[in-house]
Amino acid sequence: MSELDEVRHLITQATYPKVRKLLSDYEKTLIQTEASVPPEVPQTNGQTENASSVPSKVPDVPPVSSRPVPVPVPTSSSGVVYTPIADFAWDQGGYNSPTVTVYVELEGVGEVKDSVDCKFTKSSFDLTVHGLNGKHYRLIKDNLDKDIVPEKSKILVKKNKIVVKLQKVKGEYSYEHWAHLTAKKPREQRDSKKDPSASIMDMMKDMYDEGDDNMKKIIGEAMLKSRNGEKMDPMTPDL
């Protein structure tokens, strides 16, 4: 109860006229005093102080940094960080097969089918997968064993697998034989060899390295004949 309220309470209880008049005069004095005093500002510790001496509490506002807030910007393909695809398999197919097939196992890749891309040149392919489980994947081979036909090469995206079909270049008699997915020699050295007989010898050497004992025997005899100046028949059934 404030002092003014207490005075008003006493006025109602007073029975003597002089006492009631004194209390009434005091009531008027209190009313005039309160009217001339600025309103009090409540404090957090429960105490009150004059508003003219204590400023109102301003809510805490985090300081505004002058440094601009970075805005995420889509990066170009050259700026993407890729996880290399190290595990894959390949198959050059049977005799006279028109394609070389590369198999890449990636769990759930079918869910991001639209983000799978492969760029082909006559001597390379560049397979990229974006946004698979928060990562980007890449398989690039830029020194293929033989030339390919880029416009006829393609990819197939399945549920957990990507199949890359490399279209072989067809030679005079059949499609070229691939001993490896990528060549052991740089392309500049291979392109410098234009002699057809040299290409045949390279192919026979690769077949010798990859073949079984019987194949090695047959090819070894053929290569020996070539060194001795004897004519090799490319259509011989032994080869």
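Starting afresh in each chain, residues are numbered from 1 along the sequence in its written order. Two thresholds apply to this predicted model, a pLDDT of at least 70 for residue-level local features and 80 or more for giving and counting side-chain atom pairs, whereas whole-chain, interface and lining totals are computed over all residues. Water and hydrogen atoms play no part in the side-chain values, which are based on all heavy atoms of the structure.

Peer 1: What is the right way to read the sheet that holds strand E9 (residues 154-157) from this model?
Peer 2: Here, a strand pair is defined by DSSP locating no fewer than two bridges between the strands. Counting from the N terminus, the helices are DSSP H or I runs at least four residues long and the strands are E runs at least two residues long. The sheet built from four strands is open, its strands ordered E4-E5-E10-E9 with antiparallel pairing. This sheet does not close on itself; its edge strands, each paired only once, are strand E4 (89-91) and E9. For this sheet, the mean angle separating the axes of adjacent strands, direction not counted, is 20 degrees. Inspection of the sheet shows E4 paired to strand E5 (residues 99-105) by three bridges, in the antiparallel sense. Angular values range over 0 to 180 degrees, each being the angle between N-to-C directions of two axes fitted as lines to C-alpha atoms, with helices fitted over their stretch in contact.

Peer 1: Help me out: how do you make sense of the pairing of strand E10 (residues 161-167) in this one?
Peer 2: For a regular strand, side-chain orientation follows a simple rule: the groups alternate between the two sheet faces. Counted residue by residue, E10 has five buried out of seven residues, so it is predominantly covered. Relative to E10, E5 runs antiparallel, the two sharing seven bridges. Residue Thr-99 lies in a different strand from E10, and its bridge partner there is Gln-167. Hairpin connection from E9 to E10: three residues lie between these consecutive antiparallel strands. Between buried and exposed lies partly exposed: a residue is buried under 20% and exposed over 50% of the maximum accessible area for its type, with that area taken using a 1.4 Å probe on protein chains only.

Peer 1: What is the right way to look at the pairing of strand E7 (residues 124-132) in this model?
Peer 2: In terms of burial, E7 is largely enclosed, as seven of its nine residues are buried. In this structure, strand E6 (residues 116-121) lies alongside E7, joined through six bridges in antiparallel fashion. Across the sheet, Val-116 pairs through a bridge with Val-129, a residue of E7. Hairpin connection between E6 and E7: a loop of two residues separates the two successive antiparallel strands. As defined by bridge partners, E7 adjoins strand E8 (residues 135-141) across six bridges and the pair is classed as antiparallel. Note that in E8 the partner of Asp-126 across the bridge is Ile-140. If you look at the hairpin formed by E7 and E8, you'll find two residues sitting between the two strands, and Asn-133 has a positive phi there, around 55 degrees.

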